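Structural description and commentary
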Amino acid sequence: MTYTDPKVNWSQTGYLLRERSRFIIIVTLVAAVAAAVFAMLQPNIFTATSTIIPPQQNQSTASMVLGQLGSLVGSGGAGLGAKNASDLYVAILRSRTIADGLIDEFGLEGIYGVKTKTDARKVLSADSSVVAEKEGLISISVRNKNPEVASRIANGYVEQLFKLNQKLALNEASQRRSVYEGQLQAAKEHLADAEVALRRTQEETGLIQADNQAKVILESLALAQARVSAKEVQVQSMRTFATPQNPDLIAAETQLQALRQQVSALENNQSHVRGDIRVPTGSIPGAALEYVRRFREVKYHEMIFEILSKQYEAAKLDEAKTVSPIQIVDRAVPPEKKSGPMRTLMVLQYTLLAFVVAVSYVLIKGRAEWIRGY
């Protein structure tokens, strides 16, 4: 009869368990008592939760102005292809900037008993949970031995998010305002120069008003060139706060290319002027050609100056206005009941583990002795 015979194995197993049952019971009881003492020594853990509605991605004043001027400059930079607002703000709440703000505000190195900010970040991350709910809400839960501390940190997350949200929005608006400010000053100077050149041409030629057909042609070309310039400023502004892969930036660049092709077609006399009439630039009387060119320059710079003025004022309003508020649904309060540890479950787990270990020890040792004796 060999050792691998199942009858021998089962009978031997039963014999070993009966013979060493006292040892198994003692080990299990000792482990249960030790687990109970250990569980009782564990401090209570409290979880405080705050719930917010993330700020909505509102359309900026500059985007609305561009929308009103849609026939002139095309679609604005609204949206910028931002991802879901809840996911975006969950990522911000989990950022190092928010964590460092909380560590500095509450002195978490001392509360957590660590020496470095890096260790404090790790403990804060382990004790915090930021979850985007299906309804669009964001829940921020913080665990701590002290219920007051847990509630303060949970509310601190909201305050840090508000500060960072304001800072990011202000930087974006400031960048746009700075771009438009420089372009507006340049447009103002160009308009003044164009007006001086037109007045000089009037004095030299004696012309006060250009031929109607010439005005139609060159005003159309001036309008197309103004569209190109306005779109260039828009693209330049978007590049200050959007990545090259941003879909709205790519769309704006495509529109800019199309507008440039339109200007090229007008300059080559391939565009229609008022209905189906084609009027080549070469048909403009030579005596009035210089005048209407100067007139076109003035109209062009007037349109550019008007567009940039509105965009600049809109950017200033965006810079001055408050960002979308963070709406607090439930403010964290000190919890009255503990959330952990689960002492009963802890005792049961350790007791079961000790029982399995004791049984395994008895079987392994008994089989080894039986094999040697056999």
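Going by the structure above, here's the rest.
Summary of the structure given here. (Residues numbered from 1 in each chain as written. Predicted model: local features only at pLDDT ≥ 70, side-chain atom pairs only at ≥ 80, totals over all residues. Heavy atoms only, no water.)

1. A look at the pattern of salt bridges
A complete count under the given rule lists four salt bridges for this structure. Notably, a salt bridge pairs Asp100 with Arg96, separated by 3.4 Å at the nearest N-O pair. Taken together, the residues Asp100 and Arg96, both in helix 6 (residues 96-106) and four residues apart, mark about one turn of the helix. For Asp100, a relative accessible area of 12% puts it in the buried group. For the salt bridge of Lys117 with Asp104, the shortest nitrogen-to-oxygen distance reads 3.0 Å. Within this pair, whereas Lys117 is found in helix 8 (residues 117-127), its partner Asp104 is found in helix 6, the two being separated by 13 residues in sequence. (Salt bridge = Lys/Arg side-chain N within 4 Å of Asp/Glu carboxyl O. Helix = DSSP H or I, 4+ residues; strand = E, 2+ residues; numbered from the N terminus. Buried < 20%, exposed > 50% of the residue type's maximum accessible area, 1.4 Å probe, protein only.)

2. What about the packing of aromatic side chains?
How two aromatic rings sit relative to each other is set out by the distance from centre to centre and by the angle between their planes. Counted according to the given criterion, the structure contains two aromatic pairs. Ring centres 5.7 Å apart and planes at 40° place the aromatic pair Phe23 and Tyr361 in the tilted group. With a gap of 338 residues between them, Phe23 in helix 2 (residues 21-41) and Tyr361 in helix 13 (residues 343-373) connect regions that are remote in the sequence. Judged by relative accessible area, which is 43%, Tyr361 ranks as partly exposed. Their ring planes at 80° and their centres at 6.3 Å tell us that Phe38 and Tyr350 sit as a pair that is edge-to-face. Placement of the pair is Phe38 in helix 2 and Tyr350 in helix 13, with a sequence separation of 312 residues. Classification of Tyr350 as partly exposed rests on a relative accessible area of 40%. (Phe/Tyr/Trp six-rings, centres within 6.5 Å; stacked < 30°, edge-to-face > 60°.)

3. Points about the nonpolar core
In this structure, Leu108, Leu124, Ile138, Ile153 and Tyr157 are the most contacted members of the largest nonpolar core, which totals 29 residues. Put simply, the parts of the chain that give this core at least two residues each are strand 1 (46-53), helix 5 (85-93), helix 6, helix 7 (108-112), helix 8, strand 3 (138-144) and helix 9 (147-205). If sequence neighbours within four positions are ignored, Leu108 has contacts with Leu102, Ile103, Leu124 and Ile153. (Core = buried A, V, L, I, M, F, W, Y, C linked by side-chain atoms within 4.5 Å. Contact = heavy atoms within 4.5 Å.)

4. A word on the layout of surface pockets
Rolling a probe over the atoms, with the probe sized like a water molecule, indicates the empty space that remains. Its boundaries defined by the atoms lining it, the second largest pocket holds a volume of some 210 Å³. Lining the second largest pocket are 13 residues, with Leu93, Arg94, Leu124, Ser125 and Tyr157 sitting closest to its centre. Those elements giving two or more residues to the lining of the second largest pocket turn out to be helix 6, helix 8 and strand 2 (128-132). (1 Å grid on protein atoms, 1.4 Å probe; cavity = no way out; pocket = protein on both sides within 12 Å on 5 of 7 lines; lining within 4 Å. Points joined across faces, edges and corners; volume = space filled by probe spheres on them.)

5. Some remarks on the sheet that holds strand 2
Remark on secondary structure: sheet strands pair via backbone hydrogen bonds, oriented parallel or antiparallel. Strand order across the open sheet formed by four strands is 2-3-1-4, with antiparallel pairing between neighbours. The strands lining the two open edges of the sheet, one partner per strand, are strand 2 and strand 4 (327-330). Ignoring which end each strand starts from, the neighbouring axes of this sheet average 25° apart. Strand direction decides the pairing type here: strand 1 and strand 3, joined by seven bridges, are antiparallel. (Pairing = 2+ DSSP bridges. Axes fitted to C-alpha atoms, helices over the stretch in contact; angles between N-to-C directions.)

6. Here we look at the side chain of Asn144
Its place among the elements puts Asn144 in strand 3. Aside from chain neighbours lying at most four places away, what touches Asn144 is Asn44, Ile45, Phe46, Ile111, Tyr112, Val149 and Ala150.

7. Here's the deal with the pairing of strand 3
For strand 3, the tally of buried residues reaches six of seven residues, placing the bulk of the element in the interior. Note that strand 2 and strand 3 share five bridges and pair antiparallel. By the bridge assignment, Ser129 is partnered in strand 3 with Ser141.

8. Considering a nonpolar patch on the surface
Taken together, the side chains of Phe38, Tyr350, Leu353 and Val357 present a nonpolar region at the surface, about 390 Å² in accessible area. Per element, the largest residue contribution to the nonpolar patch is three residues, and it comes from helix 13. Here Leu353 lies in helix 13. (Patch = residues over 30% accessible without salt bridge, like charges linked within 9 Å, V, L, I, M, F, W, Y side chains within 5 Å. Areas by Shrake-Rupley, 256 points an atom, 1.4 Å probe, with all protein chains shown as cover.)

9. What about helix 2?
In an α-helix, one turn spans 3.6 residues, which is why side chains three or four residues apart end up on the same side. Relative to the 30 Å expected for 21 residues at 1.5 Å per residue, helix 2 spans 30 Å between its end C-alpha atoms, a close match to the ideal helical length. Listing the buried residues of helix 2 in full gives Ile24, Thr28, Ala32, Ala35 and Ala39. Buried positions in helix 2, seen along its axis, are confined to an arc of 70° and lie on one side of it. Exposed side chains of helix 2 directed beyond 90 degrees from the buried face belong to Arg22, Leu29, Val30, Val33, Met40 and Leu41. (Expected span 1.5 Å × (residues − 1). Arc of directions from axis to C-beta.)

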